[in-house]
Amino acid sequence: MNILVLGYFGYVTNQIDGQTIKTRDVYSVLKHNCTEQVDYFDTQSFKSSKFNVLKMIWMIIRSNKIFYLPAHNNLNHLFPIIFILSIIFRNNLNYLVVGGWLFEFLKNKPIHKFMLKRIEGIYVETNDLYINLSKYDFNNLNKLHNFRAIDLPKIEDYRFNEKNVKMVFMARVHPMKGVNTLFKLEEKLKELKIDNFFIDIYGPILEDYKDEFFSKINRTKIEYKGIVEPANVYEVLKNYDLTLFPTEYYTEGFPGTILDSYIVGVPVLVTNWLNANEFVENNKTGYIVDFDDSNAFVDKVISLLQDPSDILRLRKNIKMTRNQYSANKAWEILEKAIYN
């Protein structure tokens, strides 16, 4: 049996984001656990040569099991070709969804809904997406939380310094991820003469946002620390007290920045996006404030800086929840897709 992981790995430019990290992690888990041949095809390779589509077709033809992780354009344009090939060559096609956008995407796409009903399995990250897709009469739905293909590191002894609360944002540096809320926060803290904090930002910057971003950050105490390679994420994150995620994307799935924070025992402060309550236990593993309300986010940070001891309490709760997002849990589900 040949197994193929097909999706946007980002190896051509070493693109690091939620899509590429999950795609690589799925490949890593299958490669580690399967005795069968496991191959991958990186759809980013189309940018270097359109002839790579022929290579993709050949790899599909020779595969028995396919794990497919498309982004929007890929699902819109490439999926019909992959679906037809899977029917002709009797491939077992499984779609692993990244994020929470699929339900809205399919609303006016009856042909895509027809095709997706007929593949082997659809694996979603959230309960909300599972429930919504069930409205389309999909009978091939499964739950697969976002995860990381690593051995969970030991949560090290923690030394908390109330005079130096270290906060971090680690995601795509994009206005829709709430980066401008961080600038608003820093401005308010400066106005109130609260200075027991640091805010560091990590992540790839949206090209159209770069000029505005650097113009703003150069006038603040916030520091931009660049892009962290996936292998180094946990060594970086473990040095922080609180992860900030003021996202303005309402249909976020299970953001990797929250998963990574849990892995090293760091609590989170988030806006109440569609699936927030599924992954953040308010006042247990983090804090949730109203969506699309930057003032509420700013006010919550201020209250924590005025009484930061509460952050310490949350770290103990995270230790008990992080195992459900491990590679072993993911393999329990993926194994059934291969051998059942």
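Refer to the preceding data block for the structure.
So, how was this worked out
- Residues numbered from 1 in each chain as written.
- Predicted model: local features only at pLDDT ≥ 70, side-chain atom pairs only at ≥ 80, totals over all residues.
- Heavy atoms only, no water.
- Helix = DSSP H or I, 4+ residues; strand = E, 2+ residues; numbered from the N terminus.
- Buried < 20%, exposed > 50% of the residue type's maximum accessible area, 1.4 Å probe, protein only.
- Polar contact = N/O pair within 3.5 Å; in protein donor to acceptor, adjacent residues only side chain to side chain.
- Contact = heavy atoms within 4.5 Å.
- Pairing = 2+ DSSP bridges.
- Axes fitted to C-alpha atoms, helices over the stretch in contact; angles between N-to-C directions.
- Right-handed = clockwise from strand over helix to strand, strands pointing away.
- Core = buried A, V, L, I, M, F, W, Y, C linked by side-chain atoms within 4.5 Å.
- Salt bridge = Lys/Arg side-chain N within 4 Å of Asp/Glu carboxyl O.
- Lys, Arg positive; Asp, Glu negative; His and termini not counted.

Engineer: Any chance you could explain the side chain of N196 here in plain terms?
Structural biologist: In this fold, N196 is placed in the loop between α7 (179-191) and β8 (197-202). Classification of N196 as buried rests on a relative accessible area of 13%. A polar contact is formed between the side chain of N196 and the backbone oxygen of L305, at a distance of 3.1 Å. Once you skip the residues sitting within four places of it in the chain, N196 turns out to touch E162, K163, N164, V165 and L305.

Engineer: Before we go on, may I ask you to explain the sheet that holds strand β3 (residues 65-69) in this structure?
Structural biologist: Spatially, β2-β1-β3-β4-β5-β6 is the arrangement adopted by the six strands of the open sheet, whose pairing is parallel. For this open sheet the edge positions go to β2 (37-42) and β6 (141-143), each flanked by a neighbour on one side alone. Going from strand to strand, the sheet's axes swing by 20 degrees on average, the running direction of each strand aside. Across three bridges, the pairing between strand β5 (residues 121-124) and β6 is parallel. The residue bridging V124 from the neighbouring strand is K143, located in β6.

Engineer: Sorry, what's going on with the pairing of strand β7 (residues 165-170) here?
Structural biologist: Consecutive side chains along a regular strand alternate between the two faces of the sheet. Most of β7 is tucked away, with five of its six residues classed as buried. Between the parallel pair β7 and β8, the chain is carried across by α7, and the sense of this crossover is right-handed. Sheet topology note: the β7/strand β10 (residues 242-245) ladder contains two bridges and is parallel. Directly across from M167, in β10, lies its bridge partner L242.

Engineer: What exactly am I supposed to notice about the nonpolar core here?
Structural biologist: The nonpolar side chains of a soluble globular protein tend to be buried, and buried together. If you look at the biggest cluster of nonpolar residues, it comprises 59 residues, and the most contacted ones within it are M167, F213, L244, I258 and V270. In this structure V270 touches F245, I258, A276, V280, Y287, I288, V289 and F297, once residues within four positions along its chain are discounted. The next biggest cluster of nonpolar side chains, apart from the first, holds 33 residues, and it includes L4, M59, I60 and L75.

Engineer: How should I be thinking about the pattern of salt bridges in this particular structure?
Structural biologist: Where charged atoms from two side chains of opposite charge approach closely, those side chains can pair. Counted by the stated rule, this structure contains 14 salt bridges. The closest approach of N and O atoms between D200 and K225, which form a salt bridge, is 3.2 Å. Linking D200 in strand β8 with K225 in the loop between β9 (223-224) and α9 (233-237), this pair joins segments that are 25 residues apart in sequence. Here E235 makes a salt bridge to K238, at a shortest N to O gap of 3.1 Å.

Engineer: It is not clear to me how the side chain of R24 should be interpreted in this structure. Could you clarify?
Structural biologist: Within the secondary structure, R24 is located in helix α1 (residues 18-33). The buried charged residue R24 lacks any salt bridge, with E229 as its nearest oppositely charged partner at 5.6 Å.

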